[in-house]
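For reference, the chains in residue letters:
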Amino acid sequence: MSSDTRTAPAPQRAAKTSVTGAVSNYIDERTSISAVVKEFGRKIFPDHWSFMLGEVALYSFVVILISGSFLTFFFQASMAEVEYDGSWVPLKGLEMSAAMDSALNISFDIRGGLLMRQVHHWAALLFIASIGLHMLRIYFTGAFRKPRELNWVIGFILFILAMGEGFTGYSLPDDLLSGNGLRIIDGLIKGIPVVGTWISYLLFGGEFPGDQVIGRFYTLHILLLPAIIVALIALHLVFVVVHKHTQYPGPGKTNDNVVGYPILPVYAAKAGGFFFIVFGVIALMAAFFTINPIWNYGPYDPSPVSAGTQPDWYIGFADGALRLIPPGWEFVLWDRTWSFNIIVPLVVLGGFIVVVLLYPFFEAWVTGDKREHHLLDRPRNAPTRTAIGAAGVTFYASLWAAASSDIIATHFKMAMEHVIHILQFTTIVGPFIAFFIAKRICIALQKKDREIALHGYESGRIVRLPGGEYIEVHQQLDEYERWKLLNFNEYQPLMIRPNAAGKISSAQRVRASVSRWFFEDRIEPVTSKELERSSHH
Amino acid sequence: MATARKTDARRFRIKSANAARRTRSPRAARRSPLATVALIAIGLLFTGGAYAAFNASSSDSGAVAASQESVERGEKLFAANCATCHGLALQGTEAGPTLIGVGAAAVDFQVGTGRMPLQNQSPQAPVKPVQFTDSDVDALAAYVSSISPGPSVPDSEYLDAAGDATRGAELFRINCAMCHNVAGAGGALTEGKYAPALTGVTEKHIYEAMLTGPQNMPVFNDANLTPEDKRDIITSLKYLENNPSPGGFELGSLGPVAEGLFAWIFGLGAIIALAVWLTARAN
């Protein structure tokens, strides 16, 4: 959109200007769009690389939509048996489903098809990875605090939906690898007590694998899930505009302003350029690196299973959880098999997802903080939150690594059993260790900041005093640098207060003790008095 | 004998040249010139390697049938290199199993891939640089099979990698992929053992592996997989090896784990590096 649009309304200007001017005037007179553009275009957007992770997700999604539309022209979501007669020799003459057949034809016999398949798949991996990293950024900087709690929830639901998109897409070609994956999902579902078998039959339209599931996944994959995702992304972005963007603390940046560039023209130009950068990186990956070579895997057939069968990375944590369960957690009671080897991971992962989803509300409850926060925290200034995050990351990463236990074993020349035992340890004990270490590191960093703010940094210049004494000269930071070290929120454990009836409820007690745990060791920000005292040195 | 070998060899060369042409044409339009060069180089390497293997195995069958001299040389080599573990009469010791009935194929495989002589205790005898010349290997094989016969080194007619790749790939998925991975990239077994990757293994050794079932690999005797089946399996493995993935670099054919790591480290890594650059530019 040109800047003319913004300033178009003056009629005499339209008269003497170009076609663009005339067109934009025409449009504006009928839609009053200039008001919107003006308002929106003046939005300020701060500049920091970590604020672009969400954009990476958005742009990858656009790439997914474009390449996916191409694929739908040629893909047949049918499990009808056909004989493959395309160009890939080692599969010629084999019976396979129409889905696999068409996916192979896209790969070998449709111009640009393989590139599009690879663009689509690489973009999908990047889409979910960038959402994950974006979420970590939001978490560790505390950007989920009021007023953005709901947007955290929306974002996290998007993450889950993206995994659903990924999994359904991964299954569509109906190759051996994805068929093995589906079989695992089928087993998971059947492991749910009482209703599992019913749900499985419902999903697959009968006994696994049946001849329904590809068609159903296709509907989910190209219709239902994308529609919900697009709607939620729109909502997510509306919230970003309404809340304005957060910013890192710095001189001149307050809770009531946003320092950065206006969307039009600077930010829009940058963002547009960035879209092409993301697209370019994906295109390069797709052009040079094979992804999901279904022609190696061959068509799905329930009997063979390949070594090294794994899901795409974002489902890895679930696969890993299954691999880490020790043998023998299954018994028969009341004429039914109770598969705790499946029920436990389902419950634990479900719990993990709920905890992440609701974390902002938990923290708000603990801190009792009802203020709006538009300035981000440096992770070290919220030690307990950062430590909880580190624990969560360790837990997730251990499960994730477990999904490649076999590859770790062969590539690091270890016994599979040892890999599993190590990962069982890091999954269960690792988070506690990570919590402890991360918290100590944060507090140590805060202490260092405090020290520097008060006494400056060691300059390395040694001076000999007239009396013969040696001292090292400490130099003060400049105002800008120092500012960052001084300003952060100070929290204290909540006090228990009696309610209106003069009683202390047990909920209050729990809250107070959680809050004490949250803030028990903390470093207080430097006060102005301390600062004044130090400057007299 | 000598002339027969030569005509065979010529036939083989023509065939592989045809094969190369056949596989190149349909996708030529999509390949960069560099890929063509690489393809030709790989093709040449393969033809050379296969030719050498072919030669070795055909001279081998000559040797097995042949001379007392070779057997005697084999006996000496065996006594010097193998008997400490396998016993002077192949009866086996604490340190190694008996070799009675394993046949020439097992010796050819174990020594020809460098697994034997075993050097140190590990969960599984690893592939090492081969320590004997071809004729020494033949002599050892001749000696072991002269004491107690067993499966012999396969006939070259099954090693031409010109069978039915489709059938071979199907057989491979059913019989081998659970250990070796569908693309032959290898996989983990229990207790530190593993099924190795199958790229770069000669046709003869693939055949012998099926025939003798080294260590944790099951034996696929001729009743399980006929020589024709084995030839098809070899064909499909060689097809995969000699036709670089149409999608580009294969990341070790390790499947989604490798792809995921690549997407995170290189894909997202590159994008973040560019984002840092883009935002740094402004200041």
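What counts, and at which threshold
- Residues numbered from 1 in each chain as written.
- Chains lettered and ligands numbered in written order.
- Predicted model: local features only at pLDDT ≥ 70, side-chain atom pairs only at ≥ 80, totals over all residues.
- Heavy atoms only, no water.
- Helix = DSSP H or I, 4+ residues; strand = E, 2+ residues; numbered from the N terminus.
- Buried < 20%, exposed > 50% of the residue type's maximum accessible area, 1.4 Å probe, protein only.
- Areas by Shrake-Rupley, 256 points an atom, 1.4 Å probe, with all protein chains shown as cover.
- Salt bridge = Lys/Arg side-chain N within 4 Å of Asp/Glu carboxyl O.
- Pairing = 2+ DSSP bridges.
- Patch = residues over 30% accessible without salt bridge, like charges linked within 9 Å, V, L, I, M, F, W, Y side chains within 5 Å.
- Lys, Arg positive; Asp, Glu negative; His and termini not counted.
- Charge placed at Lys NZ, Arg CZ, Asp CG, Glu CD.
- UniProt positions renumbered as here; feature names shortened; annotations may be inferred.
- Domains from an automatic or database assignment.
- Core = buried A, V, L, I, M, F, W, Y, C linked by side-chain atoms within 4.5 Å.
- Contact = heavy atoms within 4.5 Å.
- Buried area = accessible area lost by both parts, 1.4 Å probe.
- Polar contact = N/O pair within 3.5 Å; in protein donor to acceptor, adjacent residues only side chain to side chain.
- Axes fitted to C-alpha atoms, helices over the stretch in contact; angles between N-to-C directions.
- Left-handed = near helix turned anticlockwise from the far one by under 90°.
- Nonpolar A, V, L, I, M, F, W, Y, C, P; charged D, E, K, R; others polar.
- Phe/Tyr/Trp six-rings, centres within 6.5 Å; stacked < 30°, edge-to-face > 60°.
- Lys NZ or Arg CZ within 6 Å of the ring centre and 35° of its normal.
- pLDDT = per-residue confidence, 0-100.

Trainee: Is there a simple way to think about the overall build of chain B in this case?
Mentor: Scanning chain B for helices and strands turns up eleven helices and two strands. Residues classed as buried in chain B amount to 46% of the 283 residues present. With an accessible surface of roughly 13,700 Å², chain B has 61% of that area assigned to carbon and sulfur atoms.

Trainee: Can you walk me through the pattern of salt bridges in this structure?
Mentor: In a structure, side chains of opposite charge can pair up when their charged atoms sit close to one another. Counting across every chain of the model gives 22 salt bridges over all chains. Its salt-bridge partner being Asp222 of chain B, residue Lys230 of chain B comes within 2.8 Å of it at the nearest N-O pair. Of the residues examined, Lys230 of chain B reaches a relative accessible area of 0% and is grouped as buried. Its relative accessible area of 38% is what places Asp222 of chain B among the partly exposed residues. Here the salt bridges share partners, and the residues they tie into one network are Arg145, Glu363, Asp377 and Arg385 of chain A.

Trainee: I tried to follow the pairing of strand E5 (residues 330–333) of chain A on my own but got confused; where do I start?
Mentor: Where a strand is regular, its side chains alternate between the two sheet faces. Residues and elements named next belong to chain A. Alignment of E5 against strand E6 (residues 336–339), held across four bridges, turns out to be antiparallel. In the sheet register, Leu333 faces E6, and the bridge partner there is Arg336. As consecutive antiparallel partners, E5 and E6 are separated by two residues, and within that stretch Trp334 has a phi angle of approximately 50°, a positive value.

Trainee: What should I look at first to understand a negative patch on the surface in this one?
Mentor: A contiguous patch of negative charge on the surface is contributed by Glu81, Glu83, Asp85 and Glu95 of chain A. Tracing the chain through its elements places Glu83 of chain A in strand E2 (residues 81–83).

Trainee: Is there a simple way to explain the UniProt feature "transmembrane region" (unreviewed entry) in chain A in this structure?
Mentor: In the numbering used here, UniProt assigns the feature "transmembrane region" (unreviewed entry) to residues 56–75, 121–140, 152–172, 216–242, 274–295, 342–366, 387–412 and 418–438 of chain A. Strand forms 0% of residues 216–242 of chain A and helix 100%; the C-alpha atoms that close the span are 37 Å apart.

Trainee: Sorry if this is basic, but what is going on with the domain arrangement of chain A here?
Mentor: Bring the parts together and some accessible area is lost; that lost area is often taken as the interface size. For chain A, the assigned domains read domain 1 (3–38), domain 2 (43–321 + 342–377) and domain 3 (390–537). For domain 1 of chain A and domain 2 of chain A, the distance between their C-alpha centres works out to 40 Å.

Trainee: Before we go on, may I ask you to explain the nonpolar core in this structure?
Mentor: Across soluble globular proteins, nonpolar side chains show a tendency to be buried alongside one another. In this structure, Trp122, Phe127, Ile128, Phe274 and Ile282 of chain A are the most contacted members of the largest nonpolar core, which totals 90 residues. Sorting elements by how many residues they give to this core places helix H12 (residues 263–288) of chain A first, with twelve residues. Ignoring sequence-local partners within four residues, the contact set of Ile282 of chain A consists of Ser60, Val63, Val119, Trp122, Ala123 and Leu126 of chain A. One finds Val71, Leu90, Leu99 and Ala142 of chain B within the second-largest nonpolar core, a separate group that totals 19 residues.

Trainee: Just to check I follow, could you spell out the interface of chain B and chain A for this structure?
Mentor: Listed by partner, the interface residues are 51 residues for chain B and 66 residues for chain A. Buried surface at the junction of chain B and chain A, both sides included, amounts to about 4,900 Å², of which 71% is carbon and sulfur. When the area that chain B buries against chain A is broken down by residue, the three leading residues are Arg173, Trp264 and Ile271 of chain B, summing to 13%. Along the contact surface separating chain B from chain A lie 15 residue pairs in polar contact (both at pLDDT 80 or more). When contributions to the side of chain B that touches chain A are tallied by element, the ones reaching two or more residues are helix H7 (165–175), helix H8 (177–180), strand E1 (187–188), helix H10 (227–242) and helix H11 (256–282) of chain B.

Trainee: Honestly, the packing of helix H16 (residues 383–402) of chain A against helix H19 (residues 430–455) of chain A in this entry has me stumped. Any pointers?
Mentor: Helix packing geometry: the angle between the two helix axes and the distance between the axes. Residues and elements named next belong to chain A. Contact geometry for H16 and H19: axes closest at 7 Å, N-to-C directions at 145°. Viewed along their axes, H16 and H19 form a crossing whose handedness is right-handed. Across from Pro383, Thr384, Thr386, Ala387, Ile388, Ala390, Ala391, Thr394 and Phe395 in H16, the residues of H19 making contact are Gly430, Pro431, Ala434, Phe435, Ala438, Lys439, Cys442, Ile443 and Gln446. Grouping the amino acids of the contact of H16 with H19 by side-chain chemistry returns twelve nonpolar, five polar and one charged.

Trainee: Honestly, the packing of aromatic side chains in this entry has me stumped. Any pointers?
Mentor: Two aromatic rings are characterised by how far apart their centres lie and by the angle between their planes. In this structure the tally under the stated criterion is 44 aromatic pairs over all chains. An angle of 65° between the planes, with centres 5.2 Å apart, marks the rings of Phe518 of chain A and Phe519 of chain A as edge-to-face. Using a relative accessible area of 4% as the deciding quantity, one classes Phe518 of chain A as buried. Against the face of Tyr26 of chain A rests Arg30 of chain A, its NZ or CZ located 3.6 Å from the ring centre. A cation sits over an aromatic face here: Lys230 of chain B above Tyr207 of chain B, 5.5 Å from the ring centre.

Trainee: Can you walk me through the confidence of the model for chain B in this structure?
Mentor: If pLDDT is low for a region, its predicted coordinates should not be looked at in detail. Residue and element names in this part refer to chain B. For chain B, per-residue confidence averages 77 on the pLDDT scale, and 76% of positions sit at 70 or higher. Element-level mean pLDDT values for chain B span from 39 in helix H1 (residues 2–24) up to 91 in H10. Taken as a whole, residues 1–30 scores under 50 in pLDDT and shows 21 contacts with residues more than four places along the chain or in a different chain. With pTM at 0.82, the complex prediction returns an ipTM value of 0.82.

Trainee: Help me understand the UniProt feature "domain: Cytochrome b/b6 N-terminal region profile" (unreviewed entry) in chain A in this model?
Mentor: The UniProt record marks residues 23–249 of chain A with the feature "domain: Cytochrome b/b6 N-terminal region profile" (unreviewed entry), using the residue numbering of this structure. Secondary structure content for residues 23–249 of chain A is 68% helix and 4% strand, and the end C-alpha separation is 43 Å.

Trainee: Teacher, can you tell me more about the environment of Ile33 of chain A here?
Mentor: On the secondary structure map, Ile33 of chain A appears in helix H4 (residues 33–41). Contacts of Ile33 of chain A, omitting those with residues within four sequence positions, involve Ile27 and Asp28 of chain A.

Trainee: Whenever I open this one, unusual backbone geometry confuses me. Can you help?
Mentor: Comment: phi is negative for the bulk of residues other than glycine, and the bulk of peptide bonds are trans. Residue Pro209 of chain A is bonded to the preceding Phe208 of chain A through a cis peptide linkage, with omega at -5°. Cis geometry is found at the peptide bond from Met116 of chain B to Pro117 of chain B, where omega equals -5°. Locating Pro117 of chain B in the fold gives a position in the loop between helix H5 (103–112) and helix H6 (134–147). The residue Ser32 of chain A is not glycine, and still its phi comes out positive at about 55°. Assignment of secondary structure puts Ser32 of chain A in the loop between helix H3 (19–31) and H4. Residue classification places Ser32 of chain A among the partly exposed positions, given a relative accessible area of 47%. With a phi angle near 45°, Gln215 of chain B is a residue other than glycine that sits in the positive phi range. Tracing the backbone through its elements, the reader meets Gln215 of chain B in the loop between helix H9 (203–212) and H10.

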